[in-house]
Every structure is written in structure tokens, then in C-alpha cells.
Amino acid sequence: MSEPVFIAFASQKGGSGKSTLTALTASYLHYLEGVDVLVVDCDSRQYTQKDYRDHDIVVINETPALKKAFMNFYRKFGKQPYEILYVTPADAIERAEEYIKEDPNVKVVFFDITGTINDMDLVNLLARMHYLFVPITTDTGDMKSSIRFANKVMSEMVAPGGSSIKDIKLIWNRIPVRKKMKLCELIDNYLEELHLSSLNTVLNNSVKYSKDDGTGKRPAIFRSTMMPPDRQLLKESNLPELVAEIRSIINV
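Each chain carries its own residue numbering, running from 1 in the written order of its sequence. Whole-chain, interface and lining totals are the exception, using all residues; otherwise, since this is a predicted model, local features are given only for residues with pLDDT of at least 70 and side-chain atom pairs are given and counted only at 80 or more. Side-chain numbers here rest on the full set of heavy atoms in the structure, without hydrogens or water.

Focus: the nonpolar core
Consideration 1: Here the nonpolar core consists of buried residues drawn from Ala, Val, Leu, Ile, Met, Phe, Trp, Tyr and Cys, with membership extended through side-chain atoms lying within 4.5 Å. Burial status follows relative accessibility: with a 1.4 Å probe on protein chains alone, a residue under 20% of its type maximum counts as buried, one over 50% as exposed, and anything between as partly exposed. Grouped together as the largest cluster of nonpolar side chains are 43 residues, with contacts concentrated most on Val 40, Val 109, Phe 111 and Leu 132.
Consideration 2: A helix here means a DSSP run of H or I that spans at least four residues, while a strand means a run of E at least two residues long, and both kinds are numbered starting from the N terminus. With 8 residues, the top contributor of residues to this core is helix H6 (residues 140-158).
Consideration 3: Should any heavy atoms of two residues lie within 4.5 Å, those residues are considered in contact. Discounting residues that sit within four places of it in the chain, Val 40 has contacts with Leu 85, Val 87, Ala 92, Ala 96, Val 109, Phe 110, Phe 111 and Asp 112.

Things to note about the pattern of salt bridges
Consideration 1: Note on definitions: salt bridges are taken to be side-chain nitrogens of Lys or Arg within 4 Å of carboxyl oxygens of Asp or Glu. Applying the stated criterion across every chain yields a total of 6 salt bridges.
Consideration 2: Residues Asp 43 and Arg 45 are paired through a salt bridge, measuring 3.3 Å at the closest nitrogen-oxygen approach.
Consideration 3: A relative accessible area of 70% places Arg 45 in the exposed class.
Consideration 4: For Lys 180, the salt bridge is made with Asp 188, and the minimal N-O distance between the two is 2.8 Å.
Consideration 5: The class for Asp 188 is buried, based on a relative accessible area of 14%.

Notes on the packing of helix H2 (residues 48-62) against helix H3 (residues 64-77)
Consideration 1: At a minimum axis separation of 5 Å, H2 and H3 run at an interaxial angle of 105°. The pairing of H2 with H3 is recorded here as roughly perpendicular in orientation. Residue-level contacts link Val 59, Ile 60, Asn 61 and Glu 62 of H2 to Pro 64, Leu 66, Lys 67 and Phe 70 of H3.
Consideration 2: Following the grouping adopted for this structure description, the nonpolar residues are Ala, Val, Leu, Ile, Met, Phe, Trp, Tyr, Cys and Pro, the charged ones are Asp, Glu, Lys and Arg, and the polar ones are all others, Gly among them. For the contact of H2 with H3, the per-class residue count stands at 5 nonpolar, 1 polar and 2 charged. In this description, a line fitted to the C-alpha atoms serves as the axis of each element, helices being fitted only across the stretch in contact, and the angle between N-to-C directions of two axes falls anywhere from 0 to 180 degrees. Each angle gets one of four labels, with under 35 degrees taken as roughly parallel, over 145 as roughly antiparallel, 65 to 115 as roughly perpendicular, and the rest as oblique.

Notes on the sheet that holds strand S4 (residues 108-112)
Consideration 1: Following DSSP output, two strands are said to pair if at least two bridges run between them. With parallel pairing, 6 strands are arranged side by side in an open sheet as S3-S2-S4-S1-S5-S6. Edge positions in the sheet fall to strand S3 (83-86) and strand S6 (167-172), since each has one partner strand and no second. With direction set aside, neighbouring strand axes in the sheet form an average angle of 20°.
Consideration 2: Sheet strands touched by helix H1 (residues 18-32): strand S1 (5-9), strand S2 (37-41), S4 and strand S5 (131-136). Its angle to S4, the strand with the most contacts, is close to 165°.
Consideration 3: Where H2 meets the sheet, its contacts fall on S2, S3 and S4, and the angle it forms with S3 comes to roughly 135°.

Some thoughts on the packing of aromatic side chains
Here the distance between the centres and the angle between the planes together describe a pair of aromatic rings.
Consideration 1: Centres within 6.5 Å make a pair out of two Phe, Tyr or Trp rings, where for Trp the six-membered ring is used; the pair is then stacked when the planes are under 30 degrees apart, edge-to-face when over 60, and tilted otherwise. In total, this model carries 12 aromatic pairs according to the counting rule given.
Consideration 2: Ring centres 6.5 Å apart and planes at 5° place the aromatic pair Phe 9 and Phe 110 in the stacked group. Of this pair, Phe 9 sits in strand S1 while Phe 110 sits in strand S4, placing them 101 residues apart in sequence. In terms of burial, Phe 9 and Phe 110 fall into one category: buried.
Consideration 3: When the ring of Phe 73 is compared with that of Tyr 74, the centres are 5.1 Å apart and the planes differ by 85°; the resulting orientation is edge-to-face. In this pair, the class of Phe 73 matches that of Tyr 74, namely buried.
Consideration 4: An aromatic cluster is built from Tyr 31, Phe 70, Phe 73, Tyr 74, Phe 77 and Tyr 82, whose rings are joined through pairwise contacts.
Consideration 5: A ring is scored as having a charge over it whenever the NZ atom of a lysine or the CZ atom of an arginine sits within 6 Å of its centre and within 35 degrees of its normal. Directly above the aromatic system of Tyr 82 lies the positively charged group of Arg 53, at a separation of 5.4 Å from the ring centroid.
Consideration 6: The ring centre of Tyr 52 lies 4.0 Å from the NZ or CZ of Arg 223, which sits over that ring.

Comments concerning the layout of surface pockets
In this approach the atoms are scanned with a rolling probe the size of a water molecule, which exposes any empty space left behind.
Consideration 1: There is about 320 Å³ of room inside the largest pocket.
Consideration 2: Ala 69, Arg 218, Met 227, Asp 230 and Arg 231 are the residues nearest the centre of the largest pocket, which is lined by 14 residues in total.
Consideration 3: Ranked by the residues each element gives to the lining of the largest pocket, the list is headed by H3, at 4 residues.
Consideration 4: Considering only residue class, the lining of the largest pocket consists of 11 nonpolar, no polar and 3 charged. As defined here, a cavity is a set of points on a 1 Å grid over the protein atoms alone where a 1.4 Å probe fits but cannot get out. A pocket is an open set with protein on both sides within 12 Å along at least five of seven lines, and residues line them when an atom is within 4 Å of a point. Grid points are joined across faces, edges and corners, and a volume is the space filled by probe spheres set on the points.

Some thoughts on unusual backbone geometry
A negative phi angle characterises most non-glycine residues, just as the trans form characterises most peptide bonds.
Consideration 1: At Arg 174, a residue that is not glycine, the phi angle is positive and equals roughly 60°.
Consideration 2: Note that Arg 174 resides in the loop between S6 and helix H7 (182-193).
Consideration 3: With phi around 60°, His 195 is a residue other than glycine that occupies positive phi space.

Things to note about a negative patch on the surface
Consideration 1: Excluding any residue in a salt bridge, patches collect residues exceeding 30% relative accessible area, merging like charges within 9 Å and nonpolar Val, Leu, Ile, Met, Phe, Trp and Tyr side chains within 5 Å. For accessible areas, the Shrake-Rupley method is used with a probe of radius 1.4 Å. Any residue's cover is judged against the shown protein chains and nothing else. For this count, His and the chain ends are skipped, Lys and Arg are scored as positive, and Asp and Glu as negative. Here the site of a charge means NZ on Lys, CZ on Arg, CG on Asp, or CD on Glu. A cluster of acidic residues, Asp 91, Glu 94, Glu 98, Glu 102, Asp 119 and Asp 121, forms a negative patch at the surface.
Consideration 2: At 3 residues, helix H4 (residues 92-102) tops the list of elements feeding residues into the negative patch.
Consideration 3: Looking at where Glu 98 falls in the secondary structure, it is placed in helix H4.
Consideration 4: On the basis of relative accessible area, Glu 98 is assigned to the partly exposed category, the value being 39%.

In short, the description is geometric, and any link to function would need to be established separately.
This is the structure we're talking about:
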């Protein structure tokens, strides 16, 4: 049996979408594609994945239509919601490995981590990832921060060897359209000079990525740690394309 793949959505900038991408990708793989996943929340300052899970429980229990959909889904699904571990960066790998020993079916482990690489515990944790995906937006400050972070990881951790990192890719996130803009293409050319590259898939700037309240005439959830994203909301989201591209890279 192959060892689980360790991946993280990481950047130095807060609010870049790391935690949202973690929840969306983990849920898509686990609930729609049947890939057993584990999520390890390493941001002990706030534990965003815990906030998501707690919120999911409240919304599902308080929305009759969603509660019914939840019960119907699990009758067919045959498995439990994926586990979320809440740890410090220093303990993350050990706790993940302990869990995997108990559940060897886990294929992908998502680590939700802060992006700074000025803390040795975080540096050591980043070095144990197999794949890193760095969100990047067209906002000048965010863009510079993401490129700086990816370049530093590439030059100081990947290129010299000694880390577990096999590849690092940037993800264009919160783009106004569903395809890469001219600016994205220009930056992609610059990334090549740094021996970096971005995914072909882009995620557009849509409120659906944070839709987790079940409101509206037809209650539906897109981002949830306990249910798959609503199929109607999946349309034109580029999430299926993103997951397919990520799977092709991590070979799962």
C-alpha cells in the first residue's frame, strides 16, 4: 500500500484562501471521489478548520432541508466525515502519522498551516510536505507576497534538496473571469524565470466559494467539511477541474 501524500495550500499572506481551498479540495475528494483524506489544522492561533466544522454542524442541524440532505447522503455514502486534527506545527507530522497507523486507508493528508517561514517549527513542517500549492491573486500586494514565498521555498528548500517537497505550484485565485487574464499570463512568464509555474486551472472571484450558510430558496452548501459541494453550485466553479489537475500532480 502506498504512503499517503502530504499536501498544503500555503502562503505568507493571511486571507489568501488557504483554509477555504483546503476544505473545498478535501471535501471534493472525500465525498465525491471516494478518496479517504485527513485534515490537520496546524494554525493553533485560530484553528479555522474547527470553525468550519463547528459551523457546519450548526447550519445542518438548524436547516431542515440541509439536515434531510445530510441524512440522505450518509445513507448512501457509507463512510464517516473525514477527521480533522487540531495540533501545533511542531506536533503535526507525529499526530498525522499516529492517525494513519489507525486508519491506513487515508490517501491524502491536507495540512492547513500559516505561511510564515520565519518559525523553525513551520519551516520543518513545510519541509515534510510532498506538494505545496500557493494561492496567488492579481492584487499587487498579494501577488508579490505569494511569489516571494514560493520563490523562497523553491530556492531554499526544494532546489538544495533535503526536503520532502516534490513540487510547488501556484494557483490563480479570485480571478474576475474563469480563464487566465493577460496579467496572469505575463506573471506566468515571469514565474518561469524563477523555475516556478502555476496550475492551468484558475478559480474566479465568486461568493459561492464561501457559501456555507444554507440560505436562499433552495438551501445549498458549497464549502462544507461534512458534505459534498452542491452540484448546482459546482457548475462553472472550476473546482472539479482544479481537483483533477491536483490529482494528476500528486498521482492519487
